[in-house]
Amino acid sequence: MPTFAHHYGLVVGIRHYPAMSNLRGPVRDAHAFHKWLVDPLGGGVPRRNTRKITTPPKAHLITDPDDARPIKREIEAGRAM
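About the criteria used
- Residues numbered from 1 in each chain as written.
- Predicted model: local features only at pLDDT ≥ 70, side-chain atom pairs only at ≥ 80, totals over all residues.
- Heavy atoms only, no water.
- Helix = DSSP H or I, 4+ residues; strand = E, 2+ residues; numbered from the N terminus.
- Buried < 20%, exposed > 50% of the residue type's maximum accessible area, 1.4 Å probe, protein only.
- Contact = heavy atoms within 4.5 Å.
- Areas by Shrake-Rupley, 256 points an atom, 1.4 Å probe, with all protein chains shown as cover.
- Patch = residues over 30% accessible without salt bridge, like charges linked within 9 Å, V, L, I, M, F, W, Y side chains within 5 Å.
- Salt bridge = Lys/Arg side-chain N within 4 Å of Asp/Glu carboxyl O.
- pLDDT = per-residue confidence, 0-100.
- Expected span 1.5 Å × (residues − 1).
- Arc of directions from axis to C-beta.
- Pairing = 2+ DSSP bridges.
- Right-handed = clockwise from strand over helix to strand, strands pointing away.

Considerations on the overall build of the protein chain
Scanning the protein chain from terminus to terminus reveals 2 helices and 2 strands. Mapped from its N terminus to its C terminus, the protein chain presents α and β elements in the order β-α-β-α. In terms of overall dimensions, the protein chain has a C-alpha envelope of 45 × 25 × 15 Å along the principal axes. For the protein chain, buried positions account for 31% of its 81 residues. The long-range fraction of contacts in the protein chain, counting pairs at least 24 apart against all pairs at least 6 apart in sequence, stands at 62%. On the protein chain, roughly 5800 Å² of surface is accessible, and the fraction owed to carbon and sulfur atoms is 56%.

Describing a nonpolar patch on the surface
A cluster of nonpolar residues, Tyr17, Met20 and Leu23, forms a patch on the protein surface that exposes about 300 Å² of accessible area. Residue position: Tyr17 is located in the loop between β1 (9-13) and α1 (26-38).

Some thoughts on the confidence of the model for the protein chain
Of the residues in the protein chain, 90% reach a pLDDT of 70 or more, and the chain-wide mean stands at 84. Per-element confidence in the protein chain is highest for α1, whose mean pLDDT is 96, and lowest for helix α2 (residues 72-79), whose mean pLDDT is 76.

Side note on α1
In a regular helix each residue adds 1.5 Å, so 13 residues correspond to 18 Å; α1 covers 18 Å between its end C-alpha atoms and thus fits that length. Restricting attention to buried positions, one finds in α1 the residues Val27, Ala30, His34, Leu37 and Val38. End-on, the buried residues of α1 take up no more than an arc of 80°, which puts them together on one face. Summarising the geometry of α1, the exposed residues directed more than 90 degrees from the buried face are Arg28 and Lys35. On its buried face, α1 is in contact with β1 and β2 (50-54).

So, the pairing of β1
Of the two faces of β1, only the one carrying Gly9, Val11 and Gly13 is buried; Leu10 and Val12 on the other face are not. For β1 and β2, the ladder comprises 5 bridges, and the chain directions are parallel. Counted as the bridge partner of Val11 is Lys52 from β2. Crossover β1 to β2 through α1 is right-handed.

Re the side chain of Thr55
Along the polypeptide, Thr55 turns up in the loop between β2 and α2. Of the residues examined, Thr55 reaches a relative accessible area of 3% and is grouped as buried. For Thr55, the contacting residues outside a window of four places in its chain are Gly13, Ile14, Arg15, His16, Val27, Arg69 and Pro70.

Take a look at the structure:
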């Protein structure tokens, strides 16, 4: 399969929402989808044209919703490739 030099991908996986229960799959799914996206036999998108933004590992310790990650600004920055 060819590589699509002019294609781009932004993958976001959010696992933790303060004051709500944690989700189990979003970050794992984001990693798996990103792996497929950059695989020449999968999505064929050049790695340099992709961004993966996920909840940080210790996000479950955050209790204030204003401190939750990733935030809109981080996702918007990922779109500016």
